[in-house]
Amino acid sequence: MILLLIKLIAAHLLGDFIFQSDKLCNKRYSDKVSKRIYANAIHSLIQATLSYVFIGIWDLWLLPSFIFLSHFLIDFIKSQYGKRRLPDFICDQAAHFIIIILLWRFLLLDIPISYTISKISQTAWIIFTAYVAVLTPTSILVKSFMEYNSWIPNNPSLKGLPNAGKWIGFLERILILTFIFTENIEGIGFLLAAKSIFRFGELNRSKDLKVTEYVLIGTFLSFTVAILTGYLATWTITIGKEF
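Residues numbered from 1 in each chain as written. Predicted model: local features only at pLDDT ≥ 70, side-chain atom pairs only at ≥ 80, totals over all residues. Heavy atoms only, no water.

S.K.: Looking at this structure, I do not really get empty space enclosed by the protein. What am I missing?
M.R.: One simple way to see leftover space: roll a probe sized like a water molecule over the atoms. The final tally for this structure, using the stated rule, is one cavity of 30 Å³ or more. In this model, the largest cavity occupies a volume close to 90 Å³. In this structure, the largest cavity is lined by Leu8, His12, Gln47, Ser51, Ile67, Ser70, His71, Ile74, His96, Ile99 and Ile100. The set of elements that each furnish at least two residues to the lining of the largest cavity consists of helix H1 (2-18), helix H3 (33-55), helix H4 (62-81) and helix H5 (86-108). The class makeup of the residues in the lining of the largest cavity is five nonpolar, six polar and no charged. (1 Å grid on protein atoms, 1.4 Å probe; cavity = no way out; pocket = protein on both sides within 12 Å on 5 of 7 lines; lining within 4 Å. Points joined across faces, edges and corners; volume = space filled by probe spheres on them. Helix = DSSP H or I, 4+ residues; strand = E, 2+ residues; numbered from the N terminus. Nonpolar A, V, L, I, M, F, W, Y, C, P; charged D, E, K, R; others polar.)

S.K.: What exactly am I supposed to notice about H1 here?
M.R.: Residues separated by three or four positions in an α-helix point in the same direction, a consequence of the helix having 3.6 residues per turn. The end-to-end C-alpha distance of H1, which contains 17 residues, comes to 23 Å, matching closely the 24 Å that a straight helix rising 1.5 Å per residue would cover. Counting buried positions along H1 yields 16 of 17 residues, so the element is predominantly enclosed. (Expected span 1.5 Å × (residues − 1). Buried < 20%, exposed > 50% of the residue type's maximum accessible area, 1.4 Å probe, protein only.)

S.K.: I tried to follow the environment of threonine 138 on my own but got confused; where do I start?
M.R.: Tracing the backbone through its elements, the reader meets threonine 138 in helix H7 (residues 136-146). Expressed as a C-alpha distance, the spacing of threonine 138 and alanine 226, which sit 88 residues apart in the sequence, is 8.1 Å.

S.K.: Please clarify how the confidence of the model for the protein should be interpreted in this entry.
M.R.: Caution applies to low-pLDDT regions: their predicted coordinates should not be interpreted in detail. Here the protein averages 82 in pLDDT, while 79% of its residues score no lower than 70. Mean pLDDT in the protein bottoms out at helix H9 (residues 186-204), which sits at 67, and peaks at H3, which reaches 95. (pLDDT = per-residue confidence, 0-100.)

S.K.: What is the right way to read the pattern of salt bridges from this model?
M.R.: A pair can form between side chains of opposite charge whenever their charged atoms are brought close. Scanning the entire structure with this criterion turns up three salt bridges. The partner of aspartate 75 in a salt bridge is arginine 28, with the nearest N and O atoms 3.0 Å apart. Here aspartate 75, found in helix H4, pairs with arginine 28, found in the loop between helix H2 (22-27) and H3; they are 47 residues apart in sequence, far enough to count as distant. With respect to class, aspartate 75 is no different from arginine 28; both count as buried. (Salt bridge = Lys/Arg side-chain N within 4 Å of Asp/Glu carboxyl O.)

As C-alpha cells, this is what we get:
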C-alpha cells in the first residue's frame, strides 16, 4: 500500500529537517565522539518514533528498530567526515530513502488494508508530504547547491560566477520541458518574463553580474524543485488510487 510509503517519507522529512534543531545538528558534528553519539542517537530516536507513530502498526517493532539503527549508522558515518557539502547531503538522503523503500517493500507492502486504516486520506498525506518537502528540505538543498565549492570564483576579478550560464540553462530547459509535457505552456512565458527582468538590470549595472546570476540560479533551482515536487505529488495521487 503506497500510503505507508508516503507516511515513512513524511516522517523522515519531518524528523530530518523540521524537528531537528540547529543545536542538535551542530552537536552531531562535534569534535567529541561522545557528543556525536548522543546527538545522533537522539536524532535517530526522533526518526524512529515518528515512523512508528505515523505507520500506527503497534506490534511491528522491527520498523522503528530498523529506522533507528540505519539512521544512526548513516548519520554517524557522515558526521565522522565533519563536512556538510552538497555531495554529502545527496549521498546521505539517498541512503535514507533507499532504506525507507526497502523497509516499505519487505515489511509493509503485504500488510492487510485492515491494519492501515487512517482517518486522514491518502491524498491528504501526499499533499502534506509535498508541502513539507518544499520547505526546509528544499531550502537546505538550494543552500548546499549555491554554497558548493565550484561556485566560488578563484579569480575575484571575474564579473560572473563560474559555470553559472550553464546551470541557468540546465534549469531553464528542465522547467520548459516540464511545462510542455504537462501542457502548461504559459509557464514558459513566466520564465521569459522573470529572466528578462533580471537581465535588464544586469545590462544597466554590469558590475552586478555575479549577483544577478546568483539570484537566477537560486530562483530557478527553487522553482524547479517546487514544480517537480508538485507534479510528482500529483502523479503519486493518481497511481495511488490503483493500490
